[in-house]
Amino acid sequence: MSYRLIKSEPYKYSREQFLKNGVTSRDGVRNYQARNNLNAMRVWDQCFWYHSNEGKEIVGIATVSKEAYPDATSDNPTRVCVDVVPYHTFSNPITLEYIKTDPKLADMMLLRQQRLSVSPVSEEEFEYIQNLWK
C-alpha cells in the first residue's frame, strides 16, 4: 500500500461535498509530477484529503477506488485522474502550521513542494499523522 496527499480547494470541492457525493474523481491535474503520483496510485491506497488555500489542513482520509484513467477535463491523452471514496474524517484537522512545527514531519513533500496537488506521503508520516487526531 502507498500513501498520498490530495489537495482540494474547499470553495471548489470541500470535504463536506465529498462526503455527500460518496466518490469523486481527482481530475484536472496538469503538473507532471502530480500526474505521475496519480498513475502510481492503486485501489485501496490511502490519501490524506487536504484543504488548500482556505484552511490549509488535513481534514480526513480517502481510499483509492479506481486507478488512473483518462481525464475527461483534458484533450491530452497523458492526463489522468483517479477515483477516491471517503474513509475517515478528522474531528480535529491537522493544520499546515502544526505540520511545519513538528520535526517528525519536516521532510514531508507537502512542505518541500507546496504547490504540488498530489504528493507522496511516507508510511511513517501517514501513520504518525493518522495517530495525531486519536
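Residues numbered from 1 in each chain as written. Predicted model: local features only at pLDDT ≥ 70, side-chain atom pairs only at ≥ 80, totals over all residues. Heavy atoms only, no water.

Re the overall build of the protein
Going by this rule: A run of DSSP states H or I qualifies as a helix once it reaches four residues; a run of E qualifies as a strand once it reaches two. Both are numbered from the N-terminal end. The reference for a compact globule is 2.2 Å times residues^0.38; the radius of gyration itself is calculated from the C-alpha atoms. Here's how the labels work: a residue is buried when its accessible area is under 20% of the maximum for its type, exposed when over 50%, partly exposed in between, all with a 1.4 Å probe on protein chains only. It only takes one pair of heavy atoms within 4.5 Å for two residues to be counted as in contact. With residues, only the protein chains shown are counted as cover, and all accessible areas are computed by Shrake-Rupley using a 1.4 Å probe. Only four residue types enter the charge count, namely Lys and Arg as positive and Asp and Glu as negative; His and the chain termini do not. Each charge is placed at NZ for Lys, CZ for Arg, CG for Asp and CD for Glu.
Broken down by element type, the protein carries five helices and six strands. Secondary structure elements in the protein, listed N-terminal to C-terminal, are β-α-β-α-β-β-β-α-α-β-α. The globule rule puts the C-alpha radius of gyration for 134 residues at 14 Å, and the 14 Å found for the protein is close to it. If one aligns the C-alpha atoms of the protein with their principal axes, the spans along those axes are about 40 × 30 × 30 Å. When burial is assessed residue by residue, the protein has 46% of its 134 residues classed as buried. Sequence separation of at least 24 residues holds for 68% of the intrachain contacts in the protein that already meet a minimum separation of 6. Summed over its atoms, the accessible surface of the protein is roughly 7,200 Å², and 48% of this surface lies on carbon and sulfur atoms. The distance from the centre of the 17 positive side-chain charges to the centre of the 17 negative ones in the protein is 4 Å.

Topic: the sheet that holds strand β6 (residues 118–121)
Our working rule: When DSSP locates at least two bridges between a pair of strands, those strands are taken to pair. Only the stretch in contact is used when fitting a helix axis, every axis being a line fitted to C-alpha atoms; angles between N-to-C directions are given from 0 to 180 degrees.
An order of β2-β5-β4-β3-β1-β6 is seen for the six strands of this open sheet, with the pairing classed as mixed. Each edge of the open sheet is held by one strand with a lone partner, namely β2 (24–26) and β6. Put simply, the sheet's adjacent strands are angled 40° from each other on average, direction ignored. With 10 bridges joining them, strand β4 (residues 57–70) and strand β5 (residues 80–95) adopt antiparallel strand pairing. In the strand pairing of β5, Val64 is matched with Val84. The sheet strands contacting helix α5 (residues 123–132) are β1 (3–8), β3 (46–51), β4, β5 and β6, and the helix crosses β3 at an angle near 60°.

Here's the deal with the environment of Val84
Position of Val84 among the secondary structure elements: in strand β5. Judged by its relative accessible area of 1%, Val84 falls in the buried class. A sequence separation of 30 residues divides Val84 from Gln114, and the C-alpha atoms of the two residues are 22 Å apart. Apart from residues lying up to four places away in sequence, Val84 is in contact with Ile6, Phe18, Val23, Thr24, Trp49, Ala62, Thr63, Val64 and Ser65.

A word on the layout of surface pockets
Here is the rule we go by: Method remark: on a 1 Å grid restricted to protein atoms, a set of points is classed as a cavity if a 1.4 Å probe fits but cannot get out and as a pocket if it is open with protein on both sides within 12 Å along at least five of seven lines; lining residues have an atom within 4 Å of a point. Grid points are joined across faces, edges and corners, and a volume is the space filled by probe spheres set on the points. Classification convention: Asp, Glu, Lys, Arg as charged; Ala, Val, Leu, Ile, Met, Phe, Trp, Tyr, Cys, Pro as nonpolar; all other residues, Gly among them, as polar.
Quantified by volume, the largest pocket comes out at close to 600 Å³. For the lining of the largest pocket, the secondary structure elements donating two or more residues are β1, β2, β3 and α3 (96–101). Take the lining of the largest pocket: its biggest share by element is three residues, from β2. Its residues placed into classes, the lining of the largest pocket shows five nonpolar, seven polar and eight charged.

What to know about the nonpolar core
Rules: Joining through side-chain atoms within 4.5 Å is the link that ties buried Ala, Val, Leu, Ile, Met, Phe, Trp, Tyr and Cys residues into a set, and such a set is a nonpolar core.
Counting 18 residues, the largest nonpolar core has Ile6, Phe18, Leu38, Met41, Trp49, Val84 and Val118 as its most contacted members. Elements with a minimum of two residues in this core: α2 (32–40), β3, β4 and β5. Residues contacting Val118, with those up to four places away along its chain left out, are Arg4, Leu5, Arg26, Val29, Ala34, Asn37, Leu38 and Met41. Counting 17 residues, the second largest nonpolar core, distinct from the first, contains Phe48, Ile61, Leu110 and Phe126.

Some points on the side chain of Ser8
With respect to the element layout, Ser8 can be found in strand β1. Residue contacts for Ser8: discarding those within four places in its chain leaves Tyr13, Trp49, Tyr50, His51 and Ser52.

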